[in-house]
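Working through the structure, step by step
So you can see what is in the structure, the chains are spelled out below.
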Amino acid sequence: MKLITFAGDILPLKNELYRLALRITLNRAEAEDVVQETMMKVWNRRDNWQQIESIESFCLTICRNLALDKLKRMGNQNLSLSEGGYEQVDQSHSANPEEHTVQQDRIQLVRRLIDSLPEKQRSVMQLRDMEGKSYKEIAQVLGISEEQVKVNIFRARQTIKQKFIQTEKYGL
């Protein structure tokens, strides 16, 4: 069995934990607080680390639960990611200002569509499409079956696709 260390195994997960917390809370400051609380809870359970099958899943589960708790306390009054300055737009020299603006608008639209999804669908999309987690890992983190993970991912992608096409055809 591998010896788990805070600096070697848990601390490197902080960016992944932050992205998950941010996807749930949609607030940078709250996400940072969630990550800090997660790290403290994991540290306080250090005596049990060797019995944990996947320390990464364990940390992600704690982070998700804390983020959901914080979201309930905040009363769902949060900003969307697009308002939080998360634009990653093509800055290459080939992109003219019009293409740049269109690309930026599409990114903002997709982020708003993702933000409007139910929490479970947002979480599975974050873990699968942005973090690259397997269905099994996502199921462990969220406490659902792999089949439910697949269904939630399918529904989330379909919803975003349909709303994106609808918006692109008819405008905002």
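Structure: above.
The structure reproduced in this document is the subject of the present report. (Residues numbered from 1 in each chain as written. Predicted model: local features only at pLDDT ≥ 70, side-chain atom pairs only at ≥ 80, totals over all residues. Heavy atoms only, no water.)

1. Remarks on the overall build of the chain
The criterion, for reference: Strands are runs of DSSP state E lasting at least two residues, helices are runs of H or I lasting at least four, and both sets are numbered from the N terminus onward. Here the term buried applies to any residue with accessible area under 20% of the maximum for its type, exposed to any over 50%, and partly exposed to those in between, with areas from a 1.4 Å probe on protein chains only. Contact criterion: two residues are considered in contact whenever any of their non-hydrogen atoms come within 4.5 Å of each other. Working definition of accessibility: Shrake-Rupley area with a 1.4 Å probe, residue cover restricted to the visible protein chains.
Scanning the chain from terminus to terminus reveals eight helices and zero strands. Counting from the amino terminus, helix and strand elements in the chain follow one another as α-α-α-α-α-α-α-α. The 172 residues of the chain split such that 40% are buried. Considering only residue pairs separated by 6 or more positions, the chain has 67% of its internal contacts joining residues 24 or more positions apart. Here the chain has roughly 10200 Å² of accessible surface; of this, 49% comes from carbon and sulfur atoms.

2. Thoughts on the packing of helix α2 (residues 14-25) against helix α3 (residues 28-44)
Describing two packed helices takes the angle between their axes plus the distance from one axis to the other. As a reminder, the rule being used: Between the N-to-C directions of two axes lies an angle of 0 to 180 degrees, each axis being a line fitted to C-alpha atoms and, for a helix, fitted only over the stretch in contact. Oblique is the label for every angle not falling under 35 degrees (roughly parallel), over 145 degrees (roughly antiparallel), or within 65 to 115 degrees (roughly perpendicular). Handedness of a crossing follows from how the near helix is turned relative to the far one, being left-handed for an anticlockwise turn of less than a right angle and right-handed for a clockwise one. Gly is placed with the polar residues, together with every amino acid not listed as nonpolar (Ala, Val, Leu, Ile, Met, Phe, Trp, Tyr, Cys and Pro) or charged (Asp, Glu, Lys and Arg).
The contact between α2 and α3 brings their axes to 8 Å, and the two run at 130°. Between α2 and α3, the angle is such that the two are oblique. Crossing angle aside, the handedness with which α2 passes α3 is right-handed. Contacts between α2 and α3 pair K14, L17, Y18, A21, L22 and T25 from the former with R28, E30, A31, E32, V34, V35, T38 and M39 from the latter. For the contact of α2 with α3, the per-class residue count stands at eight nonpolar, two polar and four charged.

3. With respect to the environment of A21
Position of A21 relative to the elements: it lies in helix α2. Put simply, A21 and N65 are 44 residues apart on the chain and 9.4 Å apart in space, counted from C-alpha to C-alpha. In this structure, A21 is in contact with L26, A31, V34, C63 and A67, ignoring residues within four places of it in sequence.

4. Regarding the nonpolar core
Let me state the cut-off plainly: Nonpolar core, defined: a set of buried Ala, Val, Leu, Ile, Met, Phe, Trp, Tyr and Cys residues in which side-chain atoms within 4.5 Å join the residues together.
Counting 35 residues, the largest nonpolar core has I10, L17 and I55 as the members making the most contacts within it. For this core, the secondary-structure elements that each account for two or more residues are α2, α3, α4 (55-74), α6 (119-130), α7 (135-142) and α8 (146-170). No other element matches the eleven residues that α4 contributes to this core. Of all hydrophobic cores here, the second largest spans seven residues; its members include L109, I114, A156 and I160.

5. Description of the packing of aromatic side chains
What counts here: Aromatic pairs are defined between Phe, Tyr and Trp rings, using the six-membered ring for Trp, whenever the two ring centres lie within 6.5 Å; interplanar angles under 30 degrees are classed as stacked, those over 60 as edge-to-face, and all others as tilted.
Going through the model one piece at a time under the given rule, you end up with three aromatic pairs. Judged by centre distance (6.0 Å) and plane angle (70°), the ring pair of W43 and W49 falls under edge-to-face. By the ring-pair criterion, three or more aromatic residues cluster together here, those being F6, W43 and W49.

6. Some details on the side chain of E16
Positionally, E16 belongs in helix α2. The class of E16 is buried, set by a relative accessible area of 11%. Ignoring sequence-local partners within four residues, the contact set of E16 consists of E56, L60, E131 and K133.

7. Side note on the state of the cysteines
Heads up, the rule is: Throughout, disulfides are identified as pairs of cysteine sulfur atoms within 2.5 Å of each other.
Summed over the entire model, instances satisfying the criterion amount to zero disulfides. Looking at C59, it has no disulfide partner, and the nearest cysteine sulfur is the one in C63, 9.0 Å off. Judged by relative accessible area, C63 falls into the buried class, the value being 0%.

8. So, unusual backbone geometry
With a phi angle near 60°, L26 is a residue other than glycine that sits in the positive phi range. Looking at where L26 falls in the secondary structure, it is placed in the loop between α2 and α3.

9. Comments concerning the environment of S116
Considering the arrangement of structural elements, one finds S116 in the loop between α5 (97-115) and α6. Note: C-alpha distance between S116 and T159 (43 residues apart in sequence) is 10.0 Å.

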